[in-house]
Amino acid sequence: MARRTKEKKRPCWGIPEGIVLLATPDGRRISFLTREGGMLCGGLDVPADTDPHDARAAAAVMATGLARDFHATDVEVHWEPPREPWSWTARVTPATGAGPASPDAAGQRPG
């Protein structure tokens, strides 16, 4: 009997291209927009009263981890200035450096 080898399947979600992070009374909600036009939504695993800077950093780590772990791609996260105090958006772009993502990718940018 022949043994079947499992093919490595591409994940059903694409490479993150954008992030929407929202503060709600129950906690932080996150949506990843993908290059392929999809969307991956859920809760961000941080307490509801987490400082916005720390919540953005956690979201950036999640985005860089998804790109690296599932697509073998390094990305950088660039947060836009917030229009509302409870809502943040970011662009996710391919990493420009040869090494790990820049400090900006981890959400360390002031603002």
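A brief report on the enclosed structure follows.

As for the overall build of the protein chain
Scanning the protein chain from N- to C-terminus turns up one helix and five strands. In the protein chain, the succession of α and β elements from N to C terminus is β-β-β-α-β-β. When each of the 111 residues of the protein chain is scored for burial, the buried share is 37%. In the protein chain, the proportion of contacts linking residues at least 24 apart, taken out of those at least 6 apart, comes to 45%.

Quick word on the sheet that holds strand β4 (residues 75-79)
The five strands lie next to each other as β3-β2-β1-β5-β4, forming an open sheet whose pairing is antiparallel. Either end of the sheet is taken by a strand with one partner, and the two such strands are β3 (39-44) and β4. If you compare each strand with its neighbour and ignore which way they point, the axes differ by 20° on average. Here six bridges tie strand β2 (residues 27-34) to β3, and the two strands are oriented antiparallel to one another. Bridging across to β3, Arg29 finds its partner in Gly43.

Section: the pattern of salt bridges
Under the defined criterion, the tally for this structure stands at two salt bridges. Salt-bridge contacts for Arg68 lead to Asp74; the nearest nitrogen and oxygen are separated by 3.4 Å. Arg68 gets classed as partly exposed once you look at its relative accessible area, which sits at 39%. Looking at Asp74, the relative accessible area reads 29%, which means it is partly exposed. Put simply, Arg91 and Glu80 hold a salt bridge, and the shortest N to O gap is 2.9 Å. Taken together, the residues Arg91 in strand β5 (residues 87-94) and Glu80 in the loop between β4 and β5 connect sequence positions eleven residues apart.

Notes on the nonpolar core
Counting 18 residues, the largest nonpolar core has Ile19, Leu21, Ile30, Leu44, Val77 and Trp79 as the members making the most contacts within it. Contributing elements (two or more residues each) for this core: β1 (16-24), β2, α1 (52-71), β4 and β5. Contact partners of Leu44, with chain neighbours within four places excluded, come to Leu21, Arg28, Ile30, Ala55, Ala58, Ala59 and Met62.

Details of α1
For α1, which comprises 20 residues, the first-to-last C-alpha distance of 28 Å matches the rise-based estimate of 28 Å (1.5 Å per residue) to within 8%. Restricting attention to buried positions, one finds in α1 the residues Ala55, Arg56, Ala57, Ala59, Ala60, Ala63, Thr64, Gly65, Leu66, Ala67 and His71. Turning to α1, the residues buried within the fold contact β1, β2, β3, β4 and β5. Residue Asp51 occupies the N-cap position of α1, its side-chain oxygen lying 3.0 Å from the main-chain nitrogen of His53.

Cut-offs used in this document
Residues numbered from 1 in each chain as written. Predicted model: local features only at pLDDT ≥ 70, side-chain atom pairs only at ≥ 80, totals over all residues. Heavy atoms only, no water. Helix = DSSP H or I, 4+ residues; strand = E, 2+ residues; numbered from the N terminus. Buried < 20%, exposed > 50% of the residue type's maximum accessible area, 1.4 Å probe, protein only. Contact = heavy atoms within 4.5 Å. Pairing = 2+ DSSP bridges. Axes fitted to C-alpha atoms, helices over the stretch in contact; angles between N-to-C directions. Salt bridge = Lys/Arg side-chain N within 4 Å of Asp/Glu carboxyl O. Core = buried A, V, L, I, M, F, W, Y, C linked by side-chain atoms within 4.5 Å. Expected span 1.5 Å × (residues − 1). Polar contact = N/O pair within 3.5 Å; in protein donor to acceptor, adjacent residues only side chain to side chain.

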